[in-house]
Amino acid sequence: MAVYRWKSFIEDEDRPEKPRRFGVTEIRAPNHTSLFSHTLLQDTLESMGQFVDGLKFTGGSESLMPKSFIREATKLAHEHNIYVSTGDWAEYLLQKGSSSFKEYIEECKQLGFDTVELNMGSLELPEETLLRYIRLIKSKGLKAKPQFAVKINKADIPPTHARAYGAYVVPTPRTSERVEDVDFLIRRAERCLEAGADMISIDAEDVCRYADSVRADIIAKVIGRLGLEKTMFEASNAKTSEWFVKQYGPNVNLFIDHSQVMGLECLRGRNLAKNHKSVLDSSYFLV
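Position numbers for residues start from 1 in each chain and track the written sequence from start to end. For a predicted model such as this one, the threshold for reporting local features is a pLDDT of at least 70, and the threshold for listing and counting side-chain atom pairs is 80 or more; totals across whole chains, interfaces and linings nevertheless cover every residue. With hydrogens and water set aside, each side-chain value is computed from the structure's full complement of heavy atoms.

Labelled according to an unreviewed UniProt entry, the protein appears under the name Phosphosulfolactate synthase, originating from Centaurea solstitialis. UniProt positions are given in the numbering used here, feature names are shortened, and annotations may be inferred rather than shown by experiment. Listed in UniProt under the heading Sequence similarities (unreviewed entry), the comment for the protein reads: "Belongs to the phosphosulfolactate synthase family."

Draft legend 1. Examining the overall build of the protein more closely. The helix count covers DSSP runs of H or I at least four residues long, the strand count covers runs of E at least two residues long, and both are numbered beginning at the N terminus. Helix and strand counts for the protein stand at ten helices and eight strands. Only protein chains enter the area calculation, which uses a 1.4 Å probe; residues under 20% of their type maximum are buried, those over 50% are exposed, and those in between are partly exposed. For the protein, the residues scored as buried account for 46% of the 287 residues in total. By the convention used here, residues are in contact when the closest approach between their heavy atoms is within 4.5 Å. A sequence separation of at least 24 residues applies to 78% of the contacts in the protein between residues at least 6 apart. For the protein, the accessible surface area stands at approximately 15,000 Å², while carbon and sulfur atoms represent 52% of it. With residues, only the protein chains shown are counted as cover, and all accessible areas are computed by Shrake-Rupley using a 1.4 Å probe.

Draft legend 2. Seen up close, the layout of surface pockets. Put simply, the grid is 1 Å and covers the protein atoms alone, a cavity is a trapped set of points that fit a 1.4 Å probe, a pocket is an open set with protein on both sides within 12 Å along at least five of seven lines, and lining residues have an atom within 4 Å of a point. Grid points are joined across faces, edges and corners, and a volume is the space filled by probe spheres set on the points. The volume enclosed by the largest pocket comes to roughly 510 Å³. Taken together, 21 residues make up the lining of the largest pocket; nearest its centre are R20, V24, Y83, K143 and M199. Ten residues, namely Ala, Val, Leu, Ile, Met, Phe, Trp, Tyr, Cys and Pro, are considered nonpolar, four, namely Asp, Glu, Lys and Arg, are considered charged, and the remaining ones, Gly among them, are considered polar. Residue composition of the lining of the largest pocket, by class: seven nonpolar, three polar and eleven charged. In terms of lining, the second largest pocket is formed by 18 residues, of which the most central are R28, K56, Q147, E234 and F255. Broken down by secondary-structure element, the contributors of at least two residues to the lining of the second largest pocket are β4 (115-119) and β8 (253-256). For the lining of the second largest pocket, a count of residues per class yields three nonpolar, seven polar and eight charged.

Draft legend 3. Fine view of the nonpolar core. Membership of the largest hydrophobic core comes to 62 residues, with the highest contact counts inside it found for I202 and F233. When residues of this core are assigned to their parent elements, the largest contribution, six residues, is made by helix α5 (residues 127-139). Not counting chain neighbours up to four residues away, the residues in contact with F233 comprise I202, I219, V222, I223, F244, V252, N253, L254 and F255. Definition of nonpolar core: a set of buried residues of the types Ala, Val, Leu, Ile, Met, Phe, Trp, Tyr and Cys, connected through side-chain atoms within 4.5 Å.

Draft legend 4. The arrangement of the confidence of the model for the protein in detail. Scored by pLDDT, the protein comes out at a mean of 76, with 65% of its residues at no less than 70. Known as pLDDT, the predictor's confidence for each residue is given on a scale from 0 to 100. Per-element confidence in the protein is highest for strand β3 (residues 83-85), whose mean pLDDT is 95, and lowest for helix α3 (residues 90-94), whose mean pLDDT is 62. Predicted confidence for residues 272-287 stays below pLDDT 50, and this span has 27 contacts to residues more than four positions away or in other chains.

Draft legend 5. Molecular detail of the packing of helix α1 (residues 38-48) against helix α2 (residues 67-79). One way to put it is that α1 packs onto α2 with a least axis distance of 11 Å and a crossing angle of 5 degrees. In terms of orientation, α1 lies roughly parallel with respect to α2. Within the contact between the two elements, α1 uses H38, L41, Q42 and L45 and α2 uses F69, E72, A73, L76 and A77. Grouping the constituent residues of the contact of α1 with α2 by class yields six nonpolar, two polar and one charged. For helices, the fitted axis covers only the stretch in contact; all axes are lines through C-alpha atoms, and the angles between them, taken along N-to-C directions, range from 0 to 180 degrees. Should an angle fall under 35 degrees it is taken as roughly parallel, and over 145 as roughly antiparallel, whereas 65 to 115 is taken as roughly perpendicular and any remaining angle as oblique.

Draft legend 6. Molecular detail of the pattern of salt bridges. Salt bridge, as used here, is a side-chain nitrogen of Lys or Arg placed within 4 Å of a carboxyl oxygen of Asp or Glu. Under the defined criterion, the tally for this structure stands at 15 salt bridges. Residue E117 pairs with K145 through a salt bridge whose shortest N-O separation is 3.5 Å. With E117 in strand β4 and K145 in strand β5 (residues 143-149), this pair connects stretches of sequence that are 28 residues apart. Side by side, E117 and K145 carry an identical accessibility label, which is buried. In this structure, E128 and R191 form a salt bridge, with 2.8 Å as the shortest nitrogen-oxygen distance. You can see E128 sitting in helix α5 and its partner R191 sitting in helix α6 (residues 177-194), a full 63 residues away along the chain.

Draft legend 7. Here's a closer look at the environment of R225. Looking at the secondary structure, you find R225 in helix α8 (residues 217-226). Along the backbone, R225 and D183 are 42 residues apart, and their C-alpha atoms lie at a distance of 9.7 Å. Once residues lying within four places of it in the same chain are set aside, the contact partners of R225 are D183, I186, R187 and E190. Polar contacts, as counted here, are pairs of nitrogen or oxygen atoms within 3.5 Å of one another; within protein the pair requires one atom able to donate a hydrogen and one able to accept it, and residues that are adjacent in sequence qualify only if both atoms are side-chain atoms. A distance of 3.1 Å separates a polar atom in the side chain of R225 from a polar atom in the side chain of E190.

Draft legend 8. Fine view of α2. Along its 13 residues, α2 runs 18 Å from first to last C-alpha, staying within 8% of the 18 Å computed at 1.5 Å per residue. One or two residues past the end of α2 sits N81, with phi positive at roughly 60 degrees. For a helix, the expected span equals 1.5 Å multiplied by the number of residues minus one.

Draft legend 9. Up close: the packing of α8 against helix α9 (residues 238-248). Two numbers describe how α8 lies on α9: the axes approach to 12 Å, and their chain directions differ by 60 degrees. As far as their axial angle goes, α9 and α8 are oblique. Crossing handedness for the pair α8 and α9: right-handed. Seen from α8, the contacting residues are I219, A220 and I223; seen from α9, they are W243, F244 and Y248. Taken together, the residues of the contact of α8 with α9 break down into six nonpolar, no polar and no charged. Each crossing gets its handedness from the near helix: less than a right angle anticlockwise from the far helix is left-handed, clockwise is right-handed.

Structure (structure tokens):
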């Protein structure tokens, strides 16, 4: 009879214990698109809390929840040594003026948030103003995490339509716009770090969606300039997580859905350079 057990990571694991500065796993918290009760959150953290470093409220979901629920959620996360981050709700408040943003930061602190995220793509403000907001967040004793997005021009994506084997295909010219955008992103991110930002979040959904088709140097350039420790990537699905860990090892920082925690941890605890298999292979858990 087969005996099932969780894999031991003692031999392969090289990440430090929490709180970690790298190999960080941040998960999506309750939001307005799914039912995620306090009980479910508690069960999730009790069963997988040792593998989770951060909990992020997304899409302004905290604005739709009772403050009592948010306080319970942040308290529960802190009991498991997990930091709590806001989503991109700050953009809405900034439209009402800087005074509203100051009140928002104060309220975040009272509710138990540890990190305030700023979506730089949707904030149409001068760069100096953004840097001032980062300094304001830091002055209140909270961590600041600006978010940038890497976009892909459709001309850079190779065609995938069916063709005869061995047939010659005229290569599609690559554009220089993407490279310029990445360089601009990196320069702004570097300034944010100089202003005191603790980590840079990268929304690379377009890059990840075509991970098997586009050049990996887009991500490599970001990591090379900003550093692995200071960069977190949003992984839209399990395949994306696997791509990042395979490329950069177990110490890459990733934001994922809570349902992907165990799969990601299995990836982090394996040497992908040897005998690489899919985490969906059930034989992986057989002894």
